[in-house]
Amino acid sequence: MTRTFHNTTSRFNGYFYANESVKDAVSRLEKNHKDDFTQILPVYIYPSADEAKGLFPDMDKAIKKLSTVIHRHTITTKSKKEIPGACKWIDDSYLLMGQAHFYKRDFFSGIETFDYVAKTYKTLPTRFKGMMWLIRSYDELGSISQAESMIDLLADEKEFPKEYKAELAAIQAQHFILRENYGGALKPLNIAIALTKKKKVRARYMFIEAQLEQKLGKTKKASALYSEVIRINPGYELTFNSQINRARCFEVTSSTAGASIKKELNKMLKDEKNTEYFDQIYYVLAEIAEKENDIPQCINYLKKSAQASVSNNTQKALAFLKLADIAFANTDYKSAQAYYDSTVTLVKPGFPNYELIVNKKNSLSELVKNLNIIAKEDSLQLFAKMDEKERNARIEKMIIQLEEEEKKKEEEKQLQQQQALQVTQITQQNNAQQNSGQWYFYNPTTVSFGASEFRKKWGDRKLEDNWRRASKEIVLDDSGTNPEQTLASDTSKKASPKISNKKSKEYYLQNLPLTESAVQKSNEKIVDAYYNLGAIYKEQLYNNNKAAESFEEMLKRYPENKYKLSTYYQLYRLYLTIGDNDRAEYYKNIFLTKYPETEYAKIIDNPDYNKEKQADIGEAEKLYTETYQLYRDANYLAVIVKCQIADTALGKSPLLSKFDLLEALAIGRTQGTSAFESALTRIVIKYPKDEVKDKAQEYLDLIKKQKDGLSDTKKDSLINNAVQYLYNKDAEYYWIFVYDGPIDINKIKIELSDINSEYYSLDNLFIENILLDAGKQMISVKSFVGKEKAMTYYNLISKDKKEIFSDLDAAKLKTFVISSENFPVFYKAKNISDYMAFFQGNFLK
């Protein structure tokens, strides 16, 4: 009777409702999930960090119910030890609780629960479920060895239930895919396909198998698998992407096969229900054109793909990226820069080769910037050399052209407004009878129409300021050799923007180098730009020929310039690398005959000279690294000793200034404000042209600012705070709210409490408020274990900040997280700006 009671009550009063909560949350997650078909699909759908927050309420509700079940219905011995299996639903409750933690991305709590299930219920099938969820958890944490050992353990388990084999095979496949071992994933995936009965799930597995075969270069097998997925007809999206990927598997073997594939794709372009997917179709046509070595047609299709994308930013980014790569391969760096820039605005970290794309974009942006400087300055000089009559005639022509363009744009704008008004009126009339009395936003038809019209005109835009601007990062267009175009476009960079009327002649004259000194400055800009071009080509784009070309052009135009010797040496090294020994010998002889006492000549004449010098530098760098580590370890007395050793041992090493700054910081930690100030002053005097002078001056300015109006007891505390905060990502953290002015503190606490109850009901967070000083209120939410959890809470509150703090002046509001070890330092100093600088540098970068 006792066991029947516990079994019945635990199942229907607790476990059932907890399971429903988890099922509803997971179902909602899978329904809202949008697969990225440009990547290999995941076998299982798990939430991202942001998506997991939306699951917190349901998962916490389930965890509470399951905790009650376990507490009330676990049957134990007299020594309070659980009797495994005595109550049939306790093991299931533990397992479900672990799954709830997993979907919250609280993997460590999940692992602890799954491990308990696996070790406690050794005679029940549930232990195998626990072990399989352990594999999932280890995979998500990146613990490869632990996941693999668990897989091996289950593979050798003779009692493993047959009904779990499909799930285990799918988990193994997911494990290998995450490790990018695509060949290893195929065998377990085939087992999962054979044992899975649900058509939708089996079709997904088959699609993933096809993707893996395609990734491994087995295009024929992949094509056959995509055809099989299409035959199953699992749903429009999967069917469409199977058709697209099957076309991608096309191999250039015969013109007939290529024509057949292209015919099928063009037929798909005529089907209105594929409108949303036109970008993908054009992209595949571009890939086929590339395989056929028809690069102009490939570029044409890629541009159409980018133009057709209105909501699929990933696909648009792929089109721009391929255009960028083609332009880069053809050394069309200006076009490549524009396309890489467009790609970067559409993707986020985590996109394949994201860092490489950003680096290329940044390098090319600098390259284009310098090319534009040369073109602009040349054009301005050319314009300045014209006689006054010809120059004025050109300016008048430009003003007339500007007026015509403005008139044309205004006419086009009015026409678009009229057309939009007519379409809106017709649509409203057509829907008036069906939706009489409905407000616009309650009418799905009108809302859908409005959204469609917006996308047609503006494309897919984020909800943000300046949303009308297509690109937030503007790069000047190439001005070429047309002086009028350069002169007209050079408005944002003018030195003294006194005249802004583009229809005024003076507007175009104000930037012209009409004096000898202005021409000299213009030439210096050109020289700098040429030298930068050579360095970028050589160091960042690895195009030695272009680098040599830029340096040679600079020397040809400006043989006597500030970079002359450096440029000679750069060309000597470049020609050695290229294999042009005659040109390399030419520049070598220049150094040996004209500049034998220079460092460059010594390096060229003695190949070991640079190695010997670098050895000395290496010793200095090693000593500095050791000293800096001592500073990081708060061993300040040892730092001072090391710095004094460096002062006598390193002679004239360029690192001495950094040793002196490090010594000053250590003095500030150990000897108080006056000694710190004296040490900083010595640095400012000793190194007037070194970068450490600026850093030392910053500290001196801070000391002066903080001394003003403060008592003597506070001075040392505030000065030390500038260098006193410690960074420890694993520490205990508090979330802090500070407001400079009167507020309804209880209202804020209630709103924070509501958020904590909904999203962090199991974390026992504590809210308290105190006065920071006479005018500032402070609220703290504590505690979070580790920086990551604290920042998750910080980001959650920041996301809802507009609603929570809507009645407050944003300029008076500060929120941040702080470790328990830094909080006493902060509270003693009460200097928010100092800590915010530390917080932004270590937590928001």
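Residues numbered from 1 in each chain as written. Predicted model: local features only at pLDDT ≥ 70, side-chain atom pairs only at ≥ 80, totals over all residues. Heavy atoms only, no water.

Now for the overall build of the chain. Assigned secondary structure in the chain consists of 37 helices and 4 strands. Burial statistics for the chain: of 845 residues in total, 44% are counted as buried. Sequence separation of 24 or more characterises 62% of the internal contacts of the chain that already satisfy a separation of 6 or more. (Helix = DSSP H or I, 4+ residues; strand = E, 2+ residues; numbered from the N terminus. Buried < 20%, exposed > 50% of the residue type's maximum accessible area, 1.4 Å probe, protein only. Contact = heavy atoms within 4.5 Å.)

Since the α-helix packs 3.6 residues into each turn, any two residues three or four apart lie on the same face. End to end, helix H4 (residues 107-120) covers 20 Å across 14 residues, agreeing with the expected 20 Å (1.5 Å per residue, within 8%). Among all positions in H4, only Phe107, Gly110, Ile111, Thr113, Phe114, Val117 and Ala118 are buried. Down the axis of H4, the sector holding all buried residues measures 165 degrees, keeping them to one side. Residues of H4 that are exposed and angled more than 90 degrees away from the buried face: Phe108, Glu112 and Lys119. (Expected span 1.5 Å × (residues − 1). Arc of directions from axis to C-beta.)

Going through the model one piece at a time under the given rule, you end up with 31 salt bridges. As a salt-bridge pair, Asp50 and Lys53 come within 3.6 Å of each other at their nearest N and O atoms. You can see Asp50 and its partner Lys53 sitting in helix H2 (residues 49-73), 3 residues apart, about one turn around the helix. A relative accessible area of 13% means that Lys53 is categorised as buried. Its salt-bridge partner being Arg231, residue Glu228 comes within 2.4 Å of it at the nearest N-O pair. You can see Glu228 and its partner Arg231 sitting in helix H10 (residues 219-232), 3 residues apart, about one turn around the helix. Assessed through its relative accessible area of 28%, Glu228 is described here as partly exposed. Its relative accessible area of 58% is what places Arg231 among the exposed residues. (Salt bridge = Lys/Arg side-chain N within 4 Å of Asp/Glu carboxyl O.)

Within the secondary structure, Gln99 sits in helix H3 (residues 90-103). With residues up to four places along the chain from it excluded, the contact list for Gln99 reads Phe114 and Trp133.

This next bit is on the nonpolar core. With 76 residues, the main nonpolar core has Val43, Met59, Tyr103, Ile135, Leu154, Tyr205 and Leu212 as its most contacted residues. Element by element, the count of residues in this core is highest for H3, at 8 residues. The residues contacting Leu212, other than those within four sequence positions of it, are Ile40, Ile177, Tyr182, Ala185, Leu186 and Leu189. Of all hydrophobic cores here, the second largest spans 73 residues; its members include Ala247, Tyr558, Ala601 and Ile603. (Core = buried A, V, L, I, M, F, W, Y, C linked by side-chain atoms within 4.5 Å.)

A few words now on helix H13 (residues 278-291). Taking 1.5 Å of rise per residue, the 14 residues of H13 would be expected to cover 20 Å, and the 20 Å separating its terminal C-alpha atoms lies within 8% of that figure. A large share of H13 lies buried, amounting to 12 of its 14 residues. Listed in full, the buried residues belonging to H13 are Phe278, Asp279, Gln280, Ile281, Tyr282, Tyr283, Val284, Leu285, Ala286, Glu287, Ile288 and Ala289. Of the residues one or two after H13, Asn293 is the one with positive phi, at around 65 degrees.

Looking at the chain as a whole, the pLDDT averages 81, with 84% of positions reaching at least 70. In this model, residues 709-723 is a region of pLDDT below 50 whose contacts with residues beyond four sequence positions or in other chains number 27 contacts. (pLDDT = per-residue confidence, 0-100.)

What follows is about the sheet that holds strand E1 (residues 732-740). Ordered in space as E2-E3-E1-E4, the 4 strands form an open sheet in which the pairing is antiparallel. Of all the strands in the sheet, the pair left with one neighbour each is strand E2 (766-773) and strand E4 (813-819). Along the sheet, successive strands turn relative to each other by an average axial angle of 25 degrees, direction set aside. When E2 meets strand E3 (residues 776-785), the two strands line up antiparallel, connected through 7 bridges. Each bridged residue has a counterpart across the sheet, and for Leu771 the counterpart in E3 is Gln777. (Pairing = 2+ DSSP bridges. Axes fitted to C-alpha atoms, helices over the stretch in contact; angles between N-to-C directions.)

What the rule picks out here adds up to 53 aromatic pairs. Judged by centre distance (4.9 Å) and plane angle (75 degrees), the ring pair of Tyr46 and Phe102 falls under edge-to-face. Here Tyr46 is found in the loop between helix H1 (2-32) and H2, whereas its partner Phe102 is found in helix H3, with 56 residues between them in sequence. Comparing Tyr46 with Phe102 shows no difference in burial state: the two are buried. Among the aromatic residues, ring-to-ring pairing joins Tyr733, Tyr734, Tyr794, Phe816, Phe823, Phe826, Tyr835, Phe838, Phe839 and Phe843 into one connected group. (Phe/Tyr/Trp six-rings, centres within 6.5 Å; stacked < 30°, edge-to-face > 60°.)

So, on to a nonpolar patch on the surface. Where nonpolar side chains cluster on the molecular surface, the patch consists of Phe12, Phe16 and Tyr17 and spans about 310 Å² of accessible area. Along the chain, Tyr17 turns up in helix H1. (Patch = residues over 30% accessible without salt bridge, like charges linked within 9 Å, V, L, I, M, F, W, Y side chains within 5 Å. Areas by Shrake-Rupley, 256 points an atom, 1.4 Å probe, with all protein chains shown as cover.)

This part covers the environment of Thr9. Take Thr9: it is sitting in helix H1. On the basis of relative accessible area, Thr9 is assigned to the buried category, the value being 16%. Apart from the residues lying within four places of it in its own chain, the contact partners of Thr9 are Gly14 and His73.

This part is about the pairing of E4. With 6 of its 7 residues buried, E4 lies for the most part within the structure. Direction of pairing for E1 relative to E4: antiparallel, over a ladder of 7 bridges. By the bridge assignment for E4, Tyr739 is matched with Leu813.

Before going further, it helps to examine the packing of helix H22 (residues 516-539) against helix H23 (residues 544-557). Taken N-terminus to C-terminus, the directions of H22 and H23 make an angle of 160 degrees; their axes are 7 Å apart at the nearest point. The pairing of H22 with H23 is recorded here as roughly antiparallel in orientation. Relative to H23, the crossing made by H22 is left-handed. On H23, the residues that touch Ile526, Val527, Tyr530, Tyr531, Leu533, Gly534, Ala535, Tyr537 and Lys538 of H22 are Asn544, Lys546, Ala547, Ser550, Phe551, Glu553, Met554 and Arg557. Among the residues forming the contact of H22 with H23, the class breakdown is 10 nonpolar, 3 polar and 4 charged. (Parallel < 35°, antiparallel > 145°, perpendicular 65-115°, else oblique. Left-handed = near helix turned anticlockwise from the far one by under 90°. Nonpolar A, V, L, I, M, F, W, Y, C, P; charged D, E, K, R; others polar.)

The next point concerns the packing of helix H5 (residues 126-141) against helix H7 (residues 165-178). The description of two helices packed together rests on the angle between their axes and the distance between the axes. Between H5 and H7, the least distance of the axes is 10 Å, while the angle of their chain directions is 15 degrees. Taken together, the axes of H5 and H7 lie roughly parallel to each other. The hand of the H5/H7 crossing is left-handed. Residues Lys129, Met132, Trp133, Ile135, Arg136, Asp139 and Glu140 of H5 lie in contact with H7, whose contacting residues are Glu167, Leu168, Ile171, His175 and Leu178. Residues of the contact of H5 with H7, tallied by class, amount to 6 nonpolar, 1 polar and 5 charged.

Residues other than glycine predominantly adopt negative phi, and peptide bonds predominantly adopt the trans conformation. With an omega of 5 degrees, the peptide bond between Lys782 and Ser783 qualifies as cis. Within the secondary structure layout, Ser783 lies in strand E3. The phi dihedral of Asn293 falls on the positive side, at around 65 degrees, and the residue is not glycine. Given the relative accessible area of 63%, Asn293 is considered exposed. Despite not being glycine, Thr331 has its phi angle at roughly 55 degrees, a positive value. Looking at the element boundaries, Thr331 is found in the loop between helix H15 (313-329) and helix H16 (333-346). Residue classification places Thr331 among the partly exposed positions, given a relative accessible area of 37%.

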